[in-house]
Amino acid sequence: MTLDDTDFAILRMLARDAGQGAGAIGRACGLSQPAAWRRIKRLREAGVFGGQRLVLDAAGLGFGVTVFLGVKLATKGRVSLDDFERAVSAIPEVQTVEHVLGLYDYRLRVVARDLPDFERVLRRRIMTLPGAGEVEANVLLSEERRPGPLGVSAPSVG
């Protein structure tokens, strides 16, 4: 599927607020509501994007600390990756689980109410996971920008 500038404009708008209606998107892109709706439908059906997502404010929900953990499995081979992933995904404070290549095997995004709460999650939940070994923690101080998928910009020509 070839995307044009209007498609990328629509994707940028949806990345900022997926709840916008086709009428608002059409007005912003110089299209009628039905034309915008057809384009959005075509993009979704082509697999360019799927679903909608609600972004919750962790601090507003009482989770004032976000920590990125690098986790190196201690017993590769003895514990399957699936076992670790299944167990870590069941921890409610773990927002993302990423299997990565490099110094660590996994990168986790963990939220907690405060540092003592994070320590409790780390000691009682994460360090007791099957195969959990070395862990490195990085506390999030601030987050300046949360771009949409790939910035949703048209590829440059030439």
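Here, every reference points to the structure presented above.
Cut-offs and rules
- Residues numbered from 1 in each chain as written.
- Predicted model: local features only at pLDDT ≥ 70, side-chain atom pairs only at ≥ 80, totals over all residues.
- Heavy atoms only, no water.
- Helix = DSSP H or I, 4+ residues; strand = E, 2+ residues; numbered from the N terminus.
- Buried < 20%, exposed > 50% of the residue type's maximum accessible area, 1.4 Å probe, protein only.
- Contact = heavy atoms within 4.5 Å.
- Areas by Shrake-Rupley, 256 points an atom, 1.4 Å probe, with all protein chains shown as cover.
- Salt bridge = Lys/Arg side-chain N within 4 Å of Asp/Glu carboxyl O.
- Axes fitted to C-alpha atoms, helices over the stretch in contact; angles between N-to-C directions.
- Parallel < 35°, antiparallel > 145°, perpendicular 65-115°, else oblique.
- Left-handed = near helix turned anticlockwise from the far one by under 90°.
- Phe/Tyr/Trp six-rings, centres within 6.5 Å; stacked < 30°, edge-to-face > 60°.
- Lys NZ or Arg CZ within 6 Å of the ring centre and 35° of its normal.

Engineer: Looking at this structure, how should I read the overall build of the protein?
Structural biologist: Scanning the protein from N- to C-terminus turns up five helices and four strands. Within the span of the protein, comprising 158 residues, buried residues form 31% of the whole. Of the contacts made within the protein by residues no fewer than 6 positions apart, 66% connect residues no fewer than 24 positions apart. About 10400 Å² of surface is accessible on the protein, with carbon and sulfur atoms providing 52% of the total.

Engineer: What's the story with the pattern of salt bridges in this structure? I'm lost.
Structural biologist: Two side chains with opposite charge may pair up if their charged atoms get near one another. All told, the structure shown has eleven salt bridges when counted by the stated rule. With a shortest N-O distance of 3.0 Å, Arg123 and Glu119 are connected by a salt bridge. On the criterion of helical spacing, the pair formed by Arg123 and Glu119 is a turn pair, its members being four residues apart in helix H5 (residues 115-126). Taking relative accessible area as the criterion, Arg123 reaches 59% and is therefore assigned exposed. Taken together, the salt bridges that share partners define one network made up of Asp4, Asp7, Arg39 and Arg42.

Engineer: Explanation requested: the environment of Leu31 in the structure shown.
Structural biologist: Inspection of the secondary structure puts Leu31 in the loop between helix H2 (22-29) and helix H3 (33-45). On the basis of relative accessibility, which here comes to 23%, the residue Leu31 falls in the partly exposed class. Considered as a pair, Leu31 and Thr6 are 25 residues apart in the sequence and their alpha carbons are 9.2 Å apart.

Engineer: Looking at this model, I keep getting lost on the environment of Leu141. Mind explaining?
Structural biologist: Structurally, the position occupied by Leu141 is in the segment after strand S4 (132-139). The class for Leu141 is exposed, based on a relative accessible area of 83%. Residues Leu141 and Val67, spaced 74 residues apart in sequence, show a C-alpha to C-alpha distance of 9.2 Å.

Engineer: Looking at this model, I keep getting lost on the packing of helix H1 (residues 5-16) against H2. Mind explaining?
Structural biologist: Two numbers describe a pair of packed helices, the interaxial angle and the distance between the axes. Where H1 meets H2, the closest approach of the two axes is 10 Å, and the angle between their N-to-C directions is 130°. On the basis of the axis angle, H1 is oblique to H2. Considering only the axes of H1 and H2, their crossing is right-handed. Of the residues in H2, those touching H1 at Thr6, Ala9, Ile10, Met13 and Leu14 are Ala24, Ile25, Ala28 and Cys29.

Engineer: Please clarify how the packing of H1 against H3 should be interpreted in this entry.
Structural biologist: Interhelical geometry of H1 versus H3 gives an angle of 85° and a closest axis separation of 11 Å. It follows that H1 is roughly perpendicular to H3 by the angle criterion. In this structure, H1 uses Thr6, Asp7, Ile10, Leu11 and Leu14 to contact H3, whose residues at the interface are Arg39, Ile40, Arg42 and Leu43.

Engineer: I tried to follow the packing of aromatic side chains on my own but got confused; where do I start?
Structural biologist: Aromatic ring pairs are defined here through the distance separating the ring centres and the angle between the ring planes. With the rule as written, the count across this model stands at one aromatic pair. When the centroid spacing of 4.7 Å and the interplanar angle of 40° are considered together, the rings of Phe84 and Tyr106 count as tilted. Taken together, the positions of Phe84 in helix H4 (residues 81-89) and Tyr106 in strand S3 (residues 106-112) put the pair 22 residues apart, joining distant regions of the chain. Residue Phe84 is classed as buried on the basis of its relative accessible area of 0%. Sitting over the face of the ring of Phe63, Arg113 holds its NZ or CZ atom 4.3 Å from the ring centroid.

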